[in-house]
Amino acid sequence: MLDRKFVMEELEAVQENCRNRGVTVDFDQLAKLETRRKELIPEIDETRRKANEVQKSIPKAKDNDERQKFIAEGRSLREQVSALEKELSEVEEQSTSILRFIPNMSHPAAPIGEDDQANKVVKQGKTEVPKFDFPVKDHVELGEELGIIDLEAGVRVAGNGFYFLKRDGVLLELALQQYAIQTLVKEGFTPVITPDLALNSILDGVGYIPRGESTQIYSIENQDLSLIATAEITLGGSLSGQILNEKELPILLCGVSHCFRTEAGAHGRSSRGLYRVHQFTKIEMFAFTHPEQSSEMLEKLLGIECQLFDDLGIPYHVVDTATGDLGGPAYRKYDLEAWMPGREDGGTYGEVTSTSNCTDYQARRLNIRFKKPGEKGTTLVHTLNGTAIAVSRALIAILENYQQADGSVVVPEVLRPWVGKEVIEPLTKS
RNA sequence: GGAUGGGUGGCCGAGUGGUCGAAGGCGACGGUCUUGAAAACCGUUGACGUUUAACAGCGUCCGGGGGUUCGAAUCCCUCCCCAUCCGCCA
């Protein structure tokens, strides 16, 4: 959420930003509500002040008559206060519900455009796109032949969009987790295993909408909880309501969690196999920073993502995400798109990671601030998040890029310590 | 899930329904003293909103929400959380 005051003061810039982001907001209504809100607050304060004054005079009343008079006056003032407060809370609720739809402002350099078509490629990874002199298989075929991905069992047990990993698939997943965490710990991140569920108020603060028509979120019946779609939710929420010391910043966390997504309305679109699944494991980076550090931190997070995929030997490019594709909280976002040779016809780039600077947009709703020692007041922190490894998609990229003519798949060198072999061979039917 | 006891400022800890934003202590910060430090002494020490050019006011906040009352940290209801014991369980 943006700051109320900021929205009213910079109305034009906010409106333009909404246009760029493809979001329609009823600014007239918002302005009306905010005006009324600004009238009500001093009115309530003043009425309450009078009531307090009258109250204080009651014990000092000269006689019972005067006392009764004061009591009546006090009662009437309190009634006025509660009526005004009721109006204020209604006005505030309406105003907030509009405000919540206003997306974050956008970085001046972010490409302006409606959707991902406008995303700008800004960088290539170190690894070349592989040339195959044999018919390329996609990860679904490879995973089946290697006996490491069982989509059919997933369907039997939990329906479409679920899967089993088996044998070296399990080792690969664990290796990817180890690889990511080991790397991040060296970069100064504190590793964290978070809950896979979170309170709806936390989802809300981070910018996810827990319930409703087209929600991405699975919610738990009769409980105020949802399955998380990313550890961004739990990591961001972990410091909600806290006032940090400036000296503690930046705080770097890397979370391991499962991610659950309904993927409502996303069927059919390049979603074969593991690409769009309801559950996967993800290692997520999260940073709480000083406002002055956040731009630099975004580059750092991007740098780590690049290093992870360079060292995995996976070809990718980086895109600077266009305004219309930024979502609500992001001020700027970079996606890494890995080359997936088996995807669509002849291969295509598919998103494997994403890193965003959310500036103070999440911090405002989560109420995460910091304080400079010796100075009055508090300032909202900036929050950033970035995928280190989303296991399911990384798996696609590895299987498809590292496949060989005989149907085997070479294990990326950096993962070998945990997988324990150099090549994963197809199951031999005996 | 059952029983009991609790939730007060950065921490510990008082608090009779009315001048309590809240005693006292600790910590932190500033000062006096000292060559320097410690000790001692003095002072300052929450957040948010709002008014003001500023000084300074005003309002709200004692786990959350609701109620009683002219007035609630204090009484009532409810929810949450924590501790201990019991039950259950990986």
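Residues numbered from 1 in each chain as written. Chains lettered and ligands numbered in written order. Predicted model: local features only at pLDDT ≥ 70, side-chain atom pairs only at ≥ 80, totals over all residues. Heavy atoms only, no water.

Chemist: Help me understand the protein's contact with RNA strand B, please; the structure alone is not making it clear to me.
Modeler: Around RNA strand B sit 19 residues, and of these Arg-48, Gln-55, Ile-58, Arg-75 and Thr-378 come closest. Sugar and phosphate atoms represent 78% of those atoms of RNA strand B found within 4 Å of the protein. Here a phosphate oxygen of RNA strand B sits 2.3 Å away from a polar atom, N or O, in the side chain of Arg-75. A distance of 3.3 Å separates a sugar or linking oxygen of RNA strand B from a polar side-chain atom of Arg-369. Looking at the surface near RNA strand B, the elements that each hand over two or more residues are helix H3 (27-57), helix H4 (64-99) and strand E13 (369-371). For the surface near RNA strand B, a count of residues per class yields 3 nonpolar, 5 polar and 11 charged. (Near = heavy atom within 4 Å. Polar contact = N/O pair within 3.5 Å; in protein donor to acceptor, adjacent residues only side chain to side chain. Helix = DSSP H or I, 4+ residues; strand = E, 2+ residues; numbered from the N terminus. Nonpolar A, V, L, I, M, F, W, Y, C, P; charged D, E, K, R; others polar.)

Chemist: What's the story with the domain arrangement of chain A in this structure? I'm lost.
Modeler: How big an interface is tends to be reported as the loss of accessible area on association of its parts. You can read the domains of chain A as domain 1 (4-99) and domain 2 (116-424). In this structure, domain 1 and domain 2 have C-alpha centres spaced 43 Å apart. (Domains from an automatic or database assignment.)

Chemist: In this structure, what is going on with the sheet that holds E13? I would like to understand it.
Modeler: Sheets are built from strands paired through backbone hydrogen bonds, the pairs being either parallel or antiparallel. The 3 strands are arranged E7-E13-E14 in an open sheet whose pairing can be described as mixed. In this open sheet, the two edge strands, each paired with only one partner strand, are strand E7 (243-245) and strand E14 (379-380). Bridge analysis of E7 against E13 gives 3 bridges, and the strand direction is parallel. Paired with Ile-243 across the two strands is Arg-369, which belongs to E13. (Pairing = 2+ DSSP bridges.)

Chemist: Just to check I follow, could you spell out the sheet that holds strand E1 (residues 120-124) for this structure?
Modeler: Read from one edge to the other, the open sheet built from 8 strands follows the order E1-E10-E11-E12-E15-E9-E8-E4, with strand pairing classed as mixed. The two strands at the open ends of the sheet, each matched to only one other strand, are E1 and strand E4 (190-193). Pairwise comparison of adjacent strand axes, ignoring direction, gives a mean angle of 30° for this sheet. With 10 bridges connecting them, strand E8 (residues 251-260) and strand E9 (residues 279-289) associate as antiparallel partners. (Axes fitted to C-alpha atoms, helices over the stretch in contact; angles between N-to-C directions.)

Chemist: Would you mind going over the pairing of E8 with me for this structure?
Modeler: Note on strand geometry: in a regular strand, side chains alternate between the two faces of the sheet. Within E8, 9 of the 10 residues are buried, which leaves it mostly tucked inside the rest of the structure. By the bridge criterion, 4 bridges tie E4 to E8 in an arrangement that is parallel. Bridge pairing links Thr-190 to Leu-253 in E8. (Buried < 20%, exposed > 50% of the residue type's maximum accessible area, 1.4 Å probe, protein only.)

Chemist: In this structure, what is going on with helix H2 (residues 11-21)? I would like to understand it.
Modeler: Since the α-helix packs 3.6 residues into each turn, any two residues three or four apart lie on the same face. Taken as a whole, H2 has its buried residues at Val-14, Asn-17, Cys-18 and Arg-21. One side of H2 holds all its buried residues, which, seen down the axis, span an arc of 100°. Exposed side of H2, more than 90 degrees from the buried face: Glu-12 and Arg-19 are the residues found there. Residues of H2 that are buried make contact with helix H1 (4-9) and H3. Gly-22 occupies a position one or two residues after H2 and carries a positive phi of about 70°. (Arc of directions from axis to C-beta. Contact = heavy atoms within 4.5 Å.)

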